[in-house]
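Spelled out, the chains give:
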Amino acid sequence: MIKIIPNTLSIFRILFSGLLIVSFPYKTIFILIYLLSGLTDVLDGFIARKYNIETKLGAKLDSIADIAFYTVLLIIFFVWFRNILIEYKWLIIITITIRISTIIIGIVKYKNIVFIHTVANKITGLMIYCIPIYIFLLNSNILILVTTITSIISALEEFLIMLIFKKVELNKKGIFCK
């Protein structure tokens, strides 16, 4: 029974991502779904590692859920926080360009779409997840700037891992880690 929990949590995160778009005008519901999305992201990996039930399917579902979640965040930002996107557009464009290049390398080199779960990617994910908190509670643009720079660094690390290593390791901690 426990074997299906991580994948189920990833599937819920995909569903929650869609609900975020329609719930945004209702701040309380949005925040609740947003927090649930973050909780499922933390729990799916934790449970899979704790009970040694990590699978390739689980890693792919987690990556798909991440893409869905961050795509929805980008849409929400474009609609409701366009001024922030405009302010950091070049940093965002650089990050997206590196990420797309990395996907292309994965397809060419490994014949598959590959997302590596590095420590830097996890830190970046947490920082991006906190952006609404930066905006709503702290009203801090410096934290958004630090997040976008961190995002570029983690994207570059994943890009270099894809270029340098012959075999893909989805759970590689970092470029200098074994």
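Position numbers for residues start from 1 in each chain and track the written sequence from start to end. With the structure being a predicted model, the display of local features is reserved for residues of pLDDT at least 70 and the display and counting of side-chain atom pairs for 80 or more, all residues being used for whole-chain, interface and lining totals. As a rule here, side-chain values come from all non-hydrogen atoms in the structure, and water together with hydrogens is ignored.

## Side note on the overall build of the protein chain
Reasoning step 1: The helix and strand inventory of the protein chain stands at 8 helices and 0 strands.
Reasoning step 2: Each helix is a run of H or I in the DSSP string that is no shorter than four residues. Each strand is a run of E no shorter than two, and both are numbered from the N terminus. Ordered by position from N to C terminus, the α and β elements of the protein chain give α-α-α-α-α-α-α-α.
Reasoning step 3: Computed over C-alpha atoms, the radius of gyration of the protein chain comes to 16 Å, within 12% of the 16 Å expected from 2.2 N^0.38 for 178 residues, which places it in the range of a compact globule.
Reasoning step 4: For the protein chain, the spread of C-alpha atoms along the three principal axes comes to 45 × 40 × 25 Å.
Reasoning step 5: The 178 residues of the protein chain split such that 41% are buried.
Reasoning step 6: Long-range pairs, those at least 24 residues apart, make up 76% of the contacts in the protein chain between residues at least 6 apart in sequence.
Reasoning step 7: Shrake-Rupley sampling with a 1.4 Å probe provides the accessible areas, and residues are treated as covered by the protein chains on show and by no other component. Accessible surface, the protein chain: about 10,600 Å² in total, of which carbon and sulfur atoms supply 75%.
Reasoning step 8: Positive: Lys, Arg. Negative: Asp, Glu. His and the chain ends are not part of the count. Each charge is placed at NZ for Lys, CZ for Arg, CG for Asp and CD for Glu. Between the mean site of the 18 positive side-chain charges and the mean site of the 9 negative ones, the protein chain shows a separation of 5 Å. Radius of gyration: over C-alpha atoms. The globule rule applied is 2.2 Å multiplied by the number of residues raised to the 0.38 power. The buried label applies to any residue whose accessible area, calculated with a 1.4 Å probe on protein chains only, is under 20% of its type's maximum; exposed applies above 50%, and partly exposed to all values in between. When checking whether two residues touch, look at their non-hydrogen atoms; a contact exists if any pair is within 4.5 Å.

## A few points about helix α5 (residues 89-110)
Reasoning step 1: To estimate how far a helix should reach, multiply one less than its number of residues by 1.5 Å. In this model α5 runs 31 Å from its N-terminal to its C-terminal C-alpha over 22 residues, within 8% of the 32 Å that 1.5 Å per residue would give.
Reasoning step 2: Of the positions making up α5, those classed as buried are Thr 95, Ile 98, Thr 102, Ile 105, Gly 106 and Tyr 110. Along the long axis of α5, the arc covered by the buried residues comes to 100 degrees, so they all point the same way. In α5, the exposed positions angled more than 90 degrees off the buried face are occupied by Trp 90 and Val 108.
Reasoning step 3: Here the buried face of α5 lies against α8 (141-164).
Reasoning step 4: One or two positions beyond α5, positive phi appears at Lys 111, with a value near 60 degrees. This arc is taken over the directions from the axis of the helix to the C-beta atoms.

## As for unusual backbone geometry
Reasoning step 1: You will see that Asn 52, though not glycine, has its phi angle at about 50 degrees, which is positive.
Reasoning step 2: Positive phi, close to 60 degrees, is recorded for Lys 111, a residue that is not glycine.
Reasoning step 3: Within the secondary structure layout, Lys 111 lies in the loop between α5 and α6 (119-129).
Reasoning step 4: On the basis of relative accessibility, which here comes to 68%, the residue Lys 111 falls in the exposed class.

## Points about a nonpolar patch on the surface
Reasoning step 1: Exposure above 30% relative accessible area and no salt bridge define the residues that can form patches, which grow by joining like charges within 9 Å and nonpolar side chains of Val, Leu, Ile, Met, Phe, Trp and Tyr within 5 Å. One speaks of a salt bridge when a side-chain nitrogen belonging to Lys or Arg is within 4 Å of a carboxyl oxygen belonging to Asp or Glu. Judged by side-chain polarity, Leu 19, Ile 21, Val 22, Ile 75, Phe 78, Val 79 and Trp 80 come together as a nonpolar surface patch covering roughly 620 Å² of accessible area.
Reasoning step 2: Every element with two or more residues in the nonpolar patch is listed here: α1 (5-23) and α3 (56-80).
Reasoning step 3: Of all the elements, α3 adds the most residues to the nonpolar patch, at 4 residues.
Reasoning step 4: For Ile 75, the position within the fold is in helix α3.
Reasoning step 5: Residue class for Ile 75 comes out partly exposed when judged on its relative accessible area of 38%.

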